[in-house]
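Chain by chain, the residues:
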Amino acid sequence: MDRLLVPSPRPFSVSQALWTGLRILYGGYFIFAVILIAVKFGGQQPPVDQPKAQAFFDGLNASGFVNPLLSTFHVLGGLSLFLNRTAPLGVVLLAPAVAGIFFTHLLLTGDWPVGVVCAAIWLLLALRYRDAFTPLWSYRD
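A brief structural summary.

Turning our attention to the overall build of the protein chain. Helix and strand counts for the protein chain stand at 7 helices and 0 strands. For the protein chain, the sequential pattern of α-helices and β-strands runs α-α-α-α-α-α-α. For the protein chain, the C-alpha radius of gyration of 19 Å lies well beyond 14 Å, the compact-globule estimate for 141 residues. Once the C-alpha set of the protein chain is aligned to its principal axes, its extents read approximately 70 × 40 × 25 Å. Taking all 141 residues of the protein chain together, 28% fall into the buried category. When contacts within the protein chain are restricted to residue pairs at least 6 apart in sequence, those whose partners lie at least 24 apart make up 56%. Here the protein chain displays about 9800 Å² of accessible surface, and carbon together with sulfur accounts for 70% of that area. Both charge centroids of the protein chain, one from 9 positive and one from 6 negative side chains, sit 9 Å from each other.

With respect to the helices and strands, L70 occurs in helix α4 (residues 66-81). Its relative accessible area of 27% is what places L70 among the partly exposed residues. Distance from L70 to P96, taken between C-alpha atoms, is 9.1 Å for residues 26 residues apart in sequence. For L70, the contacting residues outside a window of four places in its chain are Q45 and A97.

One can describe the packing of α4 onto helix α5 (residues 87-109) by two numbers: an axis separation of 8 Å at closest approach and a directional angle of 140°. Viewed along their axes, α4 and α5 adopt a mutual orientation that is oblique. Between α4 and α5 the crossing geometry is left-handed. Residues L70, F73, H74, L76, G77, G78, S80 and L81 of α4 form the contact with α5, whose own contacting residues are A87, L89, G90, V91, L93, L94, A97 and I101. Its residues assigned to classes, the contact of α4 with α5 comprises 11 nonpolar, 5 polar and no charged.

Moving on, we get to a nonpolar patch on the surface. A cluster of nonpolar side chains, contributed by F103, L106, L107, W112 and V116, occupies part of the molecular surface with about 500 Å² of accessible area. Only α5 and α6 (112-128) provide two or more residues apiece to the nonpolar patch. For the nonpolar patch, the element with the highest residue contribution is α5, accounting for 3 residues. Structurally, W112 can be placed in helix α6.

This paragraph deals with helix α2 (residues 14-41). Its 28 residues place the ends of α2 39 Å apart at the C-alpha level, agreeing with the 40 Å of an ideal helix rising 1.5 Å per residue. Within the sequence span of α2, burial applies to R23, Y26, G27, F30, I31, A33 and V34. Buried residues belonging to α2 abut α4, α5 and α6.

Inspection of every chain in the model, using the stated rule, returns 4 aromatic pairs. Note on F56 and F57: the rings are 5.8 Å apart at their centroids and 45° apart in plane angle, and the pair reads as tilted. F56 sits in the partly exposed class, given a relative accessible area of 36%. Judged by relative accessible area, F57 falls into the buried class, the value being 10%. For the pair F102 and F103, a centre-to-centre distance of 5.0 Å together with 70° between the ring planes defines the contact as edge-to-face.

What counts and what doesn't
- Residues numbered from 1 in each chain as written.
- Predicted model: local features only at pLDDT ≥ 70, side-chain atom pairs only at ≥ 80, totals over all residues.
- Heavy atoms only, no water.
- Helix = DSSP H or I, 4+ residues; strand = E, 2+ residues; numbered from the N terminus.
- Rg over C-alpha atoms; globule rule 2.2 N^0.38 Å.
- Buried < 20%, exposed > 50% of the residue type's maximum accessible area, 1.4 Å probe, protein only.
- Contact = heavy atoms within 4.5 Å.
- Areas by Shrake-Rupley, 256 points an atom, 1.4 Å probe, with all protein chains shown as cover.
- Lys, Arg positive; Asp, Glu negative; His and termini not counted.
- Charge placed at Lys NZ, Arg CZ, Asp CG, Glu CD.
- Axes fitted to C-alpha atoms, helices over the stretch in contact; angles between N-to-C directions.
- Parallel < 35°, antiparallel > 145°, perpendicular 65-115°, else oblique.
- Left-handed = near helix turned anticlockwise from the far one by under 90°.
- Nonpolar A, V, L, I, M, F, W, Y, C, P; charged D, E, K, R; others polar.
- Patch = residues over 30% accessible without salt bridge, like charges linked within 9 Å, V, L, I, M, F, W, Y side chains within 5 Å.
- Salt bridge = Lys/Arg side-chain N within 4 Å of Asp/Glu carboxyl O.
- Expected span 1.5 Å × (residues − 1).
- Phe/Tyr/Trp six-rings, centres within 6.5 Å; stacked < 30°, edge-to-face > 60°.

As structure tokens, this is what we get:
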């Protein structure tokens, strides 16, 4: 009878460890980016060499609300990725920021590999947790 009350330990899986590592590193990247921008650049977007990208960043900085909003979603999304239970929420919270990073690097800075890698990792995590999103499109009345 006591055996039924004790949960059996999960077997170790290398793929599970790799997914966990990727998820935590990706979440940590977004938290670290917010800390770096807050400490080094005073909460403003860092300067870039490309005039179109700099004009875009100047607009974000001048708005006064976009950078704190982005930082909030970066931190909440990054922290959510630290736990497997809240990882789907982290994927959802980071989706707009990742889209912005992808298109900014693809179209404005010319540093497209950064945007592609960021979006590719997000896509891998979204696919990994796709079962958590199925209730969104399988509603039944």
